[in-house]
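A look at the structure
What follows is each chain in one-letter form.
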Amino acid sequence: MDKLNRVRIADILKMQSFGQTINVKGWVRTKRGSKTVSFIALNDGTIIHNLQIVAELANFDEEVMKQITTGACISVNGVVVESFGQGQHVEIQAKEIEVLGTADPLTYPLQKKGHSLEYLREIAHLRPRTNTFGAVFRIRHNMAMAIHTFFHERGFYYFHTPIITASDCEGAGQMFQVTTMNLYDLKKDENGAIDYTNDFFGKQASLTVSGQLEGELAAMALGAVYTFGPTFRAENSNTPRHLAEFWMIEPEVAFNDIFDNMQLAEDFIKYCVKWALDNCMDDLAFLAEHFDKELISRLQSVVECEFVRLPYTEGVRILEEAVANGHTFEFPVGWGTDLASEHERFLVENHFKKPVILTDYPKEIKAFYMKQNEDGKTVRAMDVLFPKIGEIIGGSERESDLDKLSKRIEEMNIPMKDMWWYLDTRRFGTAPHAGFGLGFERLLLFVTGMANIRDVIPFPRTPNNAEF
Ligand code: ATP
Ligand code: MN
């Protein structure tokens with residue numbers, strides 16, 4: 001076969017001039033035709049649309065044509081011609097075809113159209129070849145680009161926090177342990193406690209649940225930073241919004257208070273959603289058509305509306321009023337309790353009909369590092385609540401006062417023996433600062449309209465599932 005430059009299908013479909021001979025490579029989606037001609041729908045992942053390849057059977061070996069089945073990979077040299085068929089304006093008149101890889105129709109798992117999302121999860125190694133997951137993963141890439149661009153344009157530095165950590169201040173109970181010890185031969189001391197001195201790090205170590213504490217160290221030097229990395233939580237909750245391994249974006253900014261923090265969160269999400277509308281419309285249109293008719297209007301409304309800012313106390317009052325008026329929730333609601341997803345969604349979807357930033361939560365249900373309010377009861381926490389999702393962002397202004405912070409740590413019985421370095425930020429040149437964590441997959445749930453978080457990450461890790 002003649003060696004020609006390969007052109008991506010995304011670029012071929014944009015061509016306005018015809019007659020040139022090019023090479024295209026991709027995977028066969030379907031083949032149909034008559035006794036004299038075959039029409040092959042080819043996809044190379046660069047765009048959701050397929051390219052039509054027209055092959056006059058008289059010009060090709062019958063054995064080669066037989067191998068061109070759904071899932072096979074082929075390389076085609078051919079002429080770009082104007083198409084008068086439906087749904088496309090260019091097609092390729094094939095001159096030479098080489099089969100790079102066959103796919104036996106009897107065993108290729110993606111034969112039939114319209115597989116369920118549940119079935120596709122079982123073949124997560126092949127699901128990127130479907131229209132749905134091609135769209136989701138192209139959008140996933142675009143959201144990562146949007147995030148880095150947003151922060152870079154605003155002078156934030158991308159800071160890499162460790163994935164292995166020895167501090168368990170936040171995630172006690174839901175951390176995955178990291179060890180090289182022989183679990184069949186564990187050494188214990190006289191009290192029956194495990195002796196970690198011979199373990200790899202000389203102490204107990206785990207996978208991180210958040211890069212925030214190290215992010216704060218960086219903010220006290222570089223001013224404005226963000227992390228964007230994998231995060232691990234061994235929470236045994238089988239919900240459509242929780243993964244054991246997910247990606248989190250955590251900006252941390254010196255001199256920001258909670259109001260600056262809320263504005264940053266709002267600007268940030270709007271920027272990402274607008275990026276999707278500006279750059280991913282083909283994929284969004286496909287997902288809207290197949291899964292969620294209101295997807296695009298929902299994205300547009302988030303970009304245009306102003307997020308509500310509401311104190312927790314006020315939010316609880318609205319929920320209690322709803323209960324008094326006959327609305328039933330599965331979980332009880334009252335001042336001091338953490339809100340369940342159903343409560344968050346009620347505020348967003350039923351009451352305000354737009355995103356809500358809930359602030360000033362009771363200190364008992366929030367982390368030790370949040371700035372304490374004058375009232376002695378609440379802290380400067382902020383959760384951003386979204387339609388269909390519930391919590392998409394959790395953040396706060398941080399407690400910058402060493403004495404107040406230390407007292408809170410004692411009250412909460414947090415083992416801080418390994419945290420001297422964190423408290424040093426408050427000992428030396430402490431400053432007001434604030435930050436938040438955005439769950440990358442929660443953002444993707446919102447942007448793609450997919451209903452289950454397992455369908456917006458290539459290889460989901462959940463309880464009892466770490467295949468692929
Ligand atoms: P939730 O109440 O939904 O479990 P959280 O309060 O534990 O969330 P944070 O600790 O504030 O969440 O983490 C910051 C963000 O990370 C959350 O707002 C959410 O977007 C995301 N997140 C938290 N846990 C998970 C998880 N298990 N899987 C995916 N994303 C998560
Ligand atoms: Mn959680």
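Computed from a predicted structure; not experimentally measured. (Residues numbered from 1 in each chain as written. Chains lettered and ligands numbered in written order. Predicted model: local features only at pLDDT ≥ 70, side-chain atom pairs only at ≥ 80, totals over all residues. Heavy atoms only, no water.)

Here's the deal with the domain arrangement of the protein chain
What the domain assignment reports for the protein chain is domain 1 (9–101) and domain 2 (129–163 + 208–455). Here domain 1 and domain 2 have C-alpha centroids that lie 45 Å from each other. With eight residues of domain 1 in contact, the opposing surface of domain 2 contributes eight residues. Here domain 1 packs against domain 2, burying approximately 630 Å² in sum over the two surfaces, 41% of which is carbon and sulfur. (Domains from an automatic or database assignment. Contact = heavy atoms within 4.5 Å. Buried area = accessible area lost by both parts, 1.4 Å probe.)

Some details on the sheet that holds strand β2 (residues 37–43)
Strands belonging to one sheet form pairs held by backbone hydrogen bonds; the direction of such a pair is parallel or antiparallel. Spatial ordering of the closed barrel is given by β1-β2-β3-β5-β4, a layout of five strands whose pairing is mixed. Averaged over neighbouring strand pairs, the angle between their axes works out to 55° when direction is ignored. When strand β1 (residues 21–33) meets β2, the two strands line up antiparallel, connected through six bridges. The residue of β2 that forms the bridge with W27 is N43. (Pairing = 2+ DSSP bridges. Helix = DSSP H or I, 4+ residues; strand = E, 2+ residues; numbered from the N terminus. Axes fitted to C-alpha atoms, helices over the stretch in contact; angles between N-to-C directions.)

Topic: the pairing of strand β16 (residues 433–439)
In terms of residue burial, β16 counts as a mostly covered element, since seven of its seven residues are buried. Of the two faces of β16, the one carrying H433, G435, G437 and G439 and the one carrying A434, F436 and L438 are both buried. Sheet topology note: the strand β11 (residues 245–254)/β16 ladder contains five bridges and is antiparallel. Residue pairing across strands places M248 opposite G439, the latter belonging to β16. In this sheet, β16 lies alongside strand β15 (residues 390–397) in antiparallel orientation, the contact comprising five bridges. The partner of E397 across the bridge, within β16, is A434. (Buried < 20%, exposed > 50% of the residue type's maximum accessible area, 1.4 Å probe, protein only.)

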